[in-house]
Amino acid sequence: MNTKWSRILAVALALTLLVAFVPGCAKKTTDEGTGGGTEEPKTTVKAAMVTDVGGLGDKSFNDLSYEGLKRAEKELGVEIKVLESKEITDYESNIDQLANAGYSPIFAVGFLMTDTVAKLAPQYPDTQFGGVDEFFDPVPANVVGLTFKEHEGSYLAGVVAGLATKEKALSDKINDANVIGFVGGMDVPLIKKFEAGFIAGAKSVNPDVKVISLYAGNFTDQAKGKELGYSLIEQGADVIYAAAGAVGLGTIEACKEKGALFIGVDADQYLTVPGSGDVMLTSMMKRVDVAVFETIKAAVDGNFPGGTIKEFGLKEGGVDLAPFHDFENKVPQSIKDAVAKARQGIIDGTIQVPDKL
Amino acid sequence: MLGDIITPDLFASALRMATPLALAAIGGTICERSGVVNIALEGIMLTGAFAGAAITLATGNPWVGVLAAVLAGVAIAAIHAFASINLRADQVVSGTGLNILALGLTGFLMERLYGHPGTTDPVKMIRPLFSLPKPPEGFVGEVLRWVEGVFLSHTPIVYAAIVIAVVAQWAMYKTRWGLRLRALGEHPKAADTVGISVYRGRWAAVLMSGALAGLAGANLVIEQVGSFTENMTNGRGFIALAANIFGRWTPAGSYLASLLFGFADALQIKLQMFRGQIDIPPQFFLMLPYVLTVIVLAGVIGRAVGPAAVGQPYEKG
């Protein structure tokens, strides 16, 4: 009796663990053909990417990188491949797999992969690596770090928010308090760049504006994001900018419920967050697709910028504001002019945007 | 400054954030009182949250979603019950396995159902129970604003959690079911000798904990945020376990402990507003609820002793 039961138990537990781990380890490979017509220019470059644990469908960096890859396939005729990481432990095996299959450049998406790229790059000296959102010091000769001047795009978001909070005609959600809000994911230097740029932009057009910044402590807890939104709105914030991943989705919900405008981040969130149109003023986009495409193009042309850190700012088209969408007709020309002026100033170098507080 | 911290939303926020913790914690209390440790609360909550989102998306009816969340919680709990009661498995191992299972399963199903991981589309939400007119100006208006903000601004499951805490407390100490439940956790052999079925009693308790943790998941998805994100429970199931111990294995205590954790979390958000003025890094505020947990569990409030037979499989005969 006892041995029979313990055998059943052992099998049941083994099965439970098996079922638990299988989806965790499964790597979905997305194979893409070399694409389309024969009239496309031919190249022998095979570009690939390894997603962060968010995977494809994150409506953010992974999807955007994939957009860049697909554009390269279409316009440059490169062969492309995507491997998704389900766990942090998948990074290394995914990169190994692609490097051994002859893919180069290989894009590793997300700063969590920085150490893996730094470790593996010397083992595959003939393979080119692109680290999206990754900073290396020193930079291996076959690696390019693709970083963004988030503070520049956030400055423009700040200009919009700083003016919008005084623009009653824009929306009935605008109040008299002259307060705007910032929601950050984790208090790390990368997120500080967003906050610093946002505050500088807002103060440049509205010196008296009060900017309240709250941090969630993670990038996934939507319920926390909503509570942060409630608190900001209770303090009078009527325009809120979030650089906090999924946490920001909760903040959008708070804006919808309690009446405040929202500025999205990374992607054009008007398009990626269904039902957010009536609060989504604009978004600060990180054009990861541009960075990935430009890097592949450089590789195809034979001048891959290995051993450097590329910073994509407003000038390079690496960050930008999304359209106002539903607010297009309500946003007064004065705000649009101020944004255009700030953009020009940053590109000219007459405006220096701080990247830390 | 104090007026910016002590606001109606501070207390309302505490209640909201306490609700998923409290439901799971009361579930944990009932389960442990019967002698079964349930560290799978986190995974059950996550599964409930996912089922709630998926069924609400499919049917368009959030109440059906709540029901689905509860049933999904019961289903996962049934695995735990079978493993730990019938198979006499180590309850901690079974619970850990289920937590990992829930994380993998919800991610896997998301990909299967929606073609992508991450976050689902928005679901239809259950809105606050009362919608009151804007209070007038002046002192009366201020009082009304507080009453409304703190007590009347909530969604149904927030109130349900309070009712559940009261009813469970009463049932555990004033009914025959409660007496038997406690007997199972203290001395199952004695209970068995007087004709109480240990297996049946424990099964019922484990399933109840599953239903409550599933309801906690429904609260998160259908009342609070309106979409499912992978691993969105963010350790709430484990905080709930702590709340159960802090509440000394009583439903009312579990609720109050959860309220304290919720309040600490709400307070840290409000305190963050003054980061610029008092030079304290936000990490300090963010860790407040967890520091509180550690202090509480380290026994500042006195030694907490659980049911004598908790964690021990019962072998008949």
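Residues numbered from 1 in each chain as written. Chains lettered and ligands numbered in written order. Predicted model: local features only at pLDDT ≥ 70, side-chain atom pairs only at ≥ 80, totals over all residues. Heavy atoms only, no water.

> Just to check I follow, could you spell out the overall build of chain A for this structure?
In terms of helices and strands, chain A carries eleven helices and 13 strands. Expressed as a percentage of the 357 residues in chain A, the buried residues total 58%. In chain A, of all internal contacts separated by at least 6 residues, the share reaching a separation of at least 24 is 69%. (Helix = DSSP H or I, 4+ residues; strand = E, 2+ residues; numbered from the N terminus. Buried < 20%, exposed > 50% of the residue type's maximum accessible area, 1.4 Å probe, protein only. Contact = heavy atoms within 4.5 Å.)

> Please clarify how the nonpolar core should be interpreted in this entry.
Generally speaking, nonpolar side chains in soluble globular proteins are found buried as a group. Ranked by internal contacts, the top residues of the largest apolar core, which has 67 residues, are L69, V239, Y241, L281 and I296 of chain A. The element contributing the most residues to this core is helix α5 (residues 150-164) of chain A, with eight residues. When residues of this core are assigned to domains, at least three fall in each of domain 1 (41-148) and domain 2 (151-285 + 319-348) of chain A. Look past the residues within four positions of Y241 of chain A in its chain and what remains in contact with it is S154, A157, G181, F182, V183, F194, F198, I263, G264, V265 and M284 of chain A. Grouped together as the second largest cluster of nonpolar side chains are 45 residues, F50, I126, I157 and Y255 of chain B included. (Core = buried A, V, L, I, M, F, W, Y, C linked by side-chain atoms within 4.5 Å. Domains from an automatic or database assignment.)

> It is not clear to me how unusual backbone geometry should be interpreted in this structure. Could you clarify?
With the exception of glycine, most residues fall at negative phi, and the peptide bonds are largely trans. The omega torsion across S104 of chain A and P105 of chain A is 0 degrees, close enough to zero to call that bond cis. Take P105 of chain A: it is sitting in the loop between α3 (90-100) and β4 (106-109). That bond from D137 of chain A to P138 of chain A is cis: its omega, -5 degrees, falls within 30 degrees of zero. Positive phi outside glycine occurs at N234 of chain B, with the angle close to 50 degrees. Exposure remark for N234 of chain B: the relative accessible area of 26% places this residue in the partly exposed category.

> Sorry, what's going on with the pairing of strand β11 (residues 280-286) of chain A here?
Successive residues of a regular strand alternate their side chains across the two faces of the sheet. All names here are of chain A. Among the seven residues of β11, seven are classified as buried, and the element is accordingly described as predominantly covered. Note that strand β10 (residues 261-266) and β11 share five bridges and pair parallel. Bridge pairing links I263 to T282 in β11. In this sheet, strand β13 (residues 319-321) lies alongside β11 in antiparallel orientation, the contact comprising three bridges. (Pairing = 2+ DSSP bridges.)

> Looking at this structure, how should I read the interface of chain B and chain A?
Accessible area lost during the coming together of the parts is what is often quoted as the interface size. The interface of chain B with chain A comprises 47 residues on the first partner and 48 residues on the second. Here chain B packs against chain A, burying approximately 3900 Å² in sum over the two surfaces, 55% of which is carbon and sulfur. Taken together, the links from chain B to chain A amount to six salt bridges. In this structure, R16 of chain B and E227 of chain A form a salt bridge, with 2.7 Å as the shortest nitrogen-oxygen distance. Every element with two or more residues in the side of chain B that touches chain A is listed here: α2 (8-33), α5 (91-114), α10 (198-225), α12 (251-272) and α13 (282-286) of chain B. Top element by residues in the side of chain B that touches chain A is α5 of chain B. It accounts for seven residues. Grouping the amino acids of the side of chain B that touches chain A by side-chain chemistry returns 19 nonpolar, 15 polar and 13 charged. (Buried area = accessible area lost by both parts, 1.4 Å probe. Salt bridge = Lys/Arg side-chain N within 4 Å of Asp/Glu carboxyl O. Nonpolar A, V, L, I, M, F, W, Y, C, P; charged D, E, K, R; others polar.)

> Please explain a nonpolar patch on the surface as it appears in this structure.
Taken together, the side chains of F139, V140, V143, L144, V147 and F151 of chain B make up a nonpolar region of the molecular surface, amounting to roughly 600 Å² of accessible area. Counting through the fold element by element, V140 of chain B comes out in helix α6 (residues 138-152). (Patch = residues over 30% accessible without salt bridge, like charges linked within 9 Å, V, L, I, M, F, W, Y side chains within 5 Å. Areas by Shrake-Rupley, 256 points an atom, 1.4 Å probe, with all protein chains shown as cover.)

> Help me understand the domain arrangement of chain A, please; the structure alone is not making it clear to me.
Residue and element names in this part refer to chain A. Domain annotation for chain A reports domain 1 (41-148) and domain 2 (151-285 + 319-348). Centre-to-centre, using C-alpha coordinates, domain 1 lies 31 Å away from domain 2. Taken together, the contacts link six residues of domain 1 with seven residues of domain 2. In this assembly, domain 1 packs against domain 2 so that about 570 Å² is buried in total across both faces, 62% of it on carbon and sulfur atoms. For the pair domain 1 and domain 2, the number of links is zero salt bridges. Of the residues that constitute the side of domain 1 that touches domain 2, the class distribution is three nonpolar, one polar and two charged.

> What is the right way to read the packing of aromatic side chains from this model?
Each pair of aromatic rings is reported with the distance of its centres and the angle of its planes. Under the defined criterion, the tally for this structure stands at eleven aromatic pairs over all chains. Ring geometry for F50 of chain B versus F228 of chain B: centroids 5.2 Å apart, planes at 80 degrees, classification edge-to-face. Of this pair, F50 of chain B sits in helix α3 (residues 41-59) while F228 of chain B sits in the loop between α10 and α11 (236-246), and the two are 178 residues apart along the sequence. Summarising the burial analysis for this pair, F50 of chain B and F228 of chain B share the class buried. Put simply, the rings of F182, F198, Y215 and Y241 of chain A touch in pairs and so form one group of aromatic residues. It is K46 of chain A that lies over the ring of Y103 of chain A; its NZ or CZ is 4.7 Å from the centre. For K258 of chain A, the ring lying beneath its charged end belongs to Y230 of chain A, and the centroid distance is 4.9 Å. (Phe/Tyr/Trp six-rings, centres within 6.5 Å; stacked < 30°, edge-to-face > 60°. Lys NZ or Arg CZ within 6 Å of the ring centre and 35° of its normal.)

> Sorry if this is basic, but what is going on with helix α7 (residues 156-174) of chain B here?
Count 3.6 residues to each turn of an α-helix, and residues three or four apart come out pointing the same way. Look at α7 of chain B: 26 Å from first C-alpha to last across 19 residues, which is about the 27 Å you get at 1.5 Å a residue. At its buried positions, α7 of chain B is contacted by α2, α4 (62-86), α6, α8 (176-186), α10 and α12 of chain B. (Expected span 1.5 Å × (residues − 1).)

> What is the right way to read the environment of V167 of chain B from this model?
Relative to the helices and strands, V167 of chain B is located in helix α7. Between the alpha carbons of V167 of chain B and H154 of chain B there is a distance of 20 Å; along the sequence they are 13 residues apart.

> Looking at this structure, I do not really get the pairing of β4 of chain A. What am I missing?
Residues and elements named next belong to chain A. Side-chain alternation along β4 places I106 and A108 on one buried face and F107 and V109 on a second face that is also buried. Bridge analysis of strand β2 (residues 46-50) against β4 gives three bridges, and the strand direction is parallel. Bridge pairing in β4 places V50 opposite A108. As paired elements, β4 and strand β5 (residues 129-132) share four bridges and run parallel to each other. Across the sheet, residue I106 finds its bridge partner in β5, namely F129. With respect to chirality, the unit in which β4 leads through helix α4 (residues 114-120) into the neighbouring parallel β5 is right-handed. (Right-handed = clockwise from strand over helix to strand, strands pointing away.)

> Honestly, the sheet that holds β13 of chain A in this entry has me stumped. Any pointers?
Strand pairing in a sheet is mediated by backbone hydrogen bonds. Such pairs are either parallel or antiparallel. All names here are of chain A. Sheet architecture is open: six strands sit in the order β8-β7-β9-β10-β11-β13, paired in mixed fashion. A strand with exactly one partner marks an edge of an open sheet, and here the two such strands are β8 (210-215) and β13. Between one strand and the next, the sheet's axes are offset by a mean angle of 15 degrees, whatever the strand orientation. (Axes fitted to C-alpha atoms, helices over the stretch in contact; angles between N-to-C directions.)

> Honestly, the packing of α4 of chain B against α5 of chain B in this entry has me stumped. Any pointers?
For any two helices packed against each other, the geometry comes down to the angle between their axes and how far apart the axes lie. Residues and elements named next belong to chain B. Two numbers describe how α4 lies on α5: the axes approach to 9 Å, and their chain directions differ by 155 degrees. Considering the angle they form, α4 stands roughly antiparallel to α5. Crossing geometry of α4 relative to α5 is assigned as right-handed. The residues of α5 that touch α4, namely those facing I76, I79, H80, A83 and S84, are Q91, S94, G95 and L98. Classifying every residue of the contact of α4 with α5 gives four nonpolar, five polar and no charged. (Parallel < 35°, antiparallel > 145°, perpendicular 65-115°, else oblique. Left-handed = near helix turned anticlockwise from the far one by under 90°.)

> Just to check I follow, could you spell out the side chain of T19 of chain B for this structure?
Looking at where T19 of chain B falls in the secondary structure, it is placed in helix α2. Sequence-distant contacts of T19 of chain B, that is, excluding residues within four places in its chain, are made with I157, V158, A161 and N219 of chain B.

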